[in-house]
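# An overview of the molecular structure
Here is how the chains run, residue by residue.
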Amino acid sequence: MKILVGYKRVVDFNVRVQVKPDGSGVVTEGVKLSANPFDDIALEEALRLREKGLATEVIVATIGPADAQAHLRNGLAMGANRALHVVTSTAVQPLTAARTLLKLIEKEQPGLVILGKQAIDDDSNQTGQMLAALWNRPQATFASKVEIANNVARVTREVDAGLETIEVDLPAVITTDLRLNEPRFIKLPDIMKAKSKPLETIDFASLGVESGDHLKTVSHAPPAKRSKGVMVKDAAELVAALKTKGLL
Amino acid sequence: MSRILIVAEHLNGKLNSSTARCVTCARELKPDAIDVLVLAEAPDAVAAEAAKIDGIAKVLTLANAANAHALAATYAPQIAAVAKNGYSHVFAPSTTFGKDVAPRVAALLGVAQVSDIMKVIDAHAFQRPIYAGNAIITVQAPADQMLVATVRTASYAAAGDGPNAAPVEAVNVSVELPTHTRFVELAQGKTDRPDLQSASRVVSGGRGVGSAENFAVIFKFADKLGAAVGASRAAVDAGYVPSDLQVGQTGKIIAPELYIAIGISGAIQHLTGIKDAGTIVAINKDGEAPIFEVADIGLVGDLFKLIPELEQALN
């Protein structure tokens, strides 16, 4: 079984993103870029399934500009067998991303697709669900545990009410939550090895994807700031302050 | 002319307040009609609850044994089929229920989704947070196609009951339902405490609490206040408490009147989950912790000493 992993490059989670003064976007020049943390978890899960003998090949795929190749090399260094790079200089919205990934599915025929539940840049949390719908296959979102046997995935999902377990027939789309696993670190020799692994570039236009970029971002603004609070010196003062505000 | 279809969220025969929060958001579009759709095995009780919400034109029900559990693959084609009956918008709450099902509906309809509406500009323009709330964008959706959206529930109070109950109407759709996705079980933490997402008071603990055993201190203090209990990602990752208590970018987004953060440093990913709280209290031994930048009231000190003192002072 092949596993296709969505592997997006985003602004590193440690960067405190700033809105440009003119509201045209956020500052990305000179900012550290990393794999979307949920996608690292997706890749780790795929690698573990391969190590357990449940998968034969792990393919990482990204949709992004030409310089995203280095990012895909990281995925290869982590352990993916090969990489697919759909090259486009403009960012795509989730529906377009899902339609693009569907083209890759048609080409590769994976038995399982694992994506992060959301990318920490646009925080949309849509692509996996949209892909499953377009593919007419099951989705198991927000996964914290995945067990595969007899072509069925039993997935525990982190939902608001607790932990939900569902069974989905493969092929299916799984999206990862934080506690599914802890991604491995990349070792230096693997970075060298990754340089010779296959990385296929595909021109976005050549896929003939119907654009789903229907939303126009009109402006960016910094979030409303909370006014500076007060410090109290002990428990009694805190209780008094809460009583003054009518909260106790 | 806009008609909004809201997908009701419910569990164990009870309507979730997230549905009435969606109604509040939907009313801001000044639509011609707001209808609520209840999918369930036996939807009557939930439908009756939904019918009371002020501002609803009618409640539609889709009764089907296959709808006993909220499986996105099963719900989505039915929601999409109902939406095609003249609706301009489909709304769902931005809870794990809505996040799971709404994009599947949007893709079936071939339209975009706006996630996490926090403010309505007009019927097709909305504000939503990106980068864990470090930026707020205004997005414009095309007026000539249906729009699917999820509503950031912490941004909207729940609509109250109206003077008259809306009519309830059973509908039929002819779509083939998949069998490839099956519900197995839901493990729910048993608790008598208030629900984290709708509680007016929340006490949260972080890594500073130190262990699962120590978290008893947080639970006891919360009970004293009649508060729900939350946690930072660090506390959940460390195994102190289950994942359904996590507050933040990838956990629950909440807006209690009073939020007390104990032993939480205040990573941006956590702060985005509480920015709509009325009053934020921070208790941390590190006076430089970022949580104090957003706290309305801060207290520096050892939580294991301060909490008993607080309990004493409350008596």
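Let's shift gears to the environment of Arg99(A). Looking at the element boundaries, Arg99(A) is found in helix α3 (residues 94-108). By relative accessible area, which is 14% here, Arg99(A) ends up buried. Taking the C-alpha atoms as reference points, Arg99(A) and Ser144(A), separated by 45 residues in sequence, lie 26 Å from one another. Excluding residues within four positions of it along the chain, Arg99(A) makes contact with Leu134(A), Val209(A), Glu210(A), Ser211(A), Gly212(A) and Gly110(B).

Residue and element names in this part refer to chain B. With parallel pairing, 7 strands are arranged side by side in an open sheet as β7-β11-β6-β1-β4-β5-β12. Strands at the two margins of the open sheet, each flanked by one partner only, are β7 (113-117) and β12 (168-170). Geometrically, the sheet is characterised by an average inter-axis angle of 25 degrees between neighbouring strands, direction not taken into account. Against the sheet, helix α2 (residues 44-51) contacts β4 (33-40), β5 (58-63) and β12, and its axis sits at roughly 165 degrees relative to β5. On the sheet, helix α3 (residues 72-83) packs against β1 (3-7), β4, β5 and β6 (89-93) and is oriented at approximately 150 degrees with respect to β4.

A separate point is the side chain of Gln113(B). Turning to its location among the elements, Gln113(B) is positioned in strand β7. When near neighbours in sequence (up to four residues on either side) are disregarded, Gln113(B) contacts Gln126(A), Met130(A), Leu215(A), Ala102(B), Pro103(B), Ala106(B), Val148(B), Ala149(B) and Thr150(B).

Attention now goes to the packing of α3(B) against helix α4 (residues 96-109) of chain B. All names here are of chain B. Contact geometry of α3 with α4 gives a least axis separation of 8 Å together with a crossing angle of 55 degrees. When the axis of α3 is compared with that of α4, the two are oblique. Considering only the axes of α3 and α4, their crossing is right-handed. When α3 is examined against α4, the residues Ala72, Ala73, Tyr75, Ala76, Pro77, Ile79, Ala80 and Ala83 are found in contact with a partner set consisting of Phe97, Asp100, Val101, Arg104, Val105, Leu108 and Leu109. When its residues are assigned to classes, the contact of α3 with α4 shows 13 nonpolar, no polar and 2 charged.

With 75 residues of chain A in contact, the opposing surface of chain B contributes 86 residues. Here chain A and chain B share an interface that buries about 6600 Å² over both sides, 54% of which is from carbon and sulfur atoms. In this assembly, chain A and chain B are joined by 5 salt bridges. Of the charged contacts in the structure, one is a salt bridge between Glu167(A) and Arg182(B), with a shortest N-O distance of 3.6 Å. Summed over the shared surface of chain A and chain B, the result is 40 residue pairs in polar contact (both at pLDDT 80 or more). Broken down by secondary-structure element, the contributors of at least two residues to the side of chain A that touches chain B are α3, α4 (127-135), β7 (139-149), β8 (152-159), β9 (162-169), β12 (216-221), β13 (230-232) and α6 (235-244) of chain A.

Cut-off values and rules
Residues numbered from 1 in each chain as written. Chains lettered and ligands numbered in written order. Predicted model: local features only at pLDDT ≥ 70, side-chain atom pairs only at ≥ 80, totals over all residues. Heavy atoms only, no water. Helix = DSSP H or I, 4+ residues; strand = E, 2+ residues; numbered from the N terminus. Buried < 20%, exposed > 50% of the residue type's maximum accessible area, 1.4 Å probe, protein only. Contact = heavy atoms within 4.5 Å. Pairing = 2+ DSSP bridges. Axes fitted to C-alpha atoms, helices over the stretch in contact; angles between N-to-C directions. Parallel < 35°, antiparallel > 145°, perpendicular 65-115°, else oblique. Left-handed = near helix turned anticlockwise from the far one by under 90°. Nonpolar A, V, L, I, M, F, W, Y, C, P; charged D, E, K, R; others polar. Buried area = accessible area lost by both parts, 1.4 Å probe. Salt bridge = Lys/Arg side-chain N within 4 Å of Asp/Glu carboxyl O. Polar contact = N/O pair within 3.5 Å; in protein donor to acceptor, adjacent residues only side chain to side chain.

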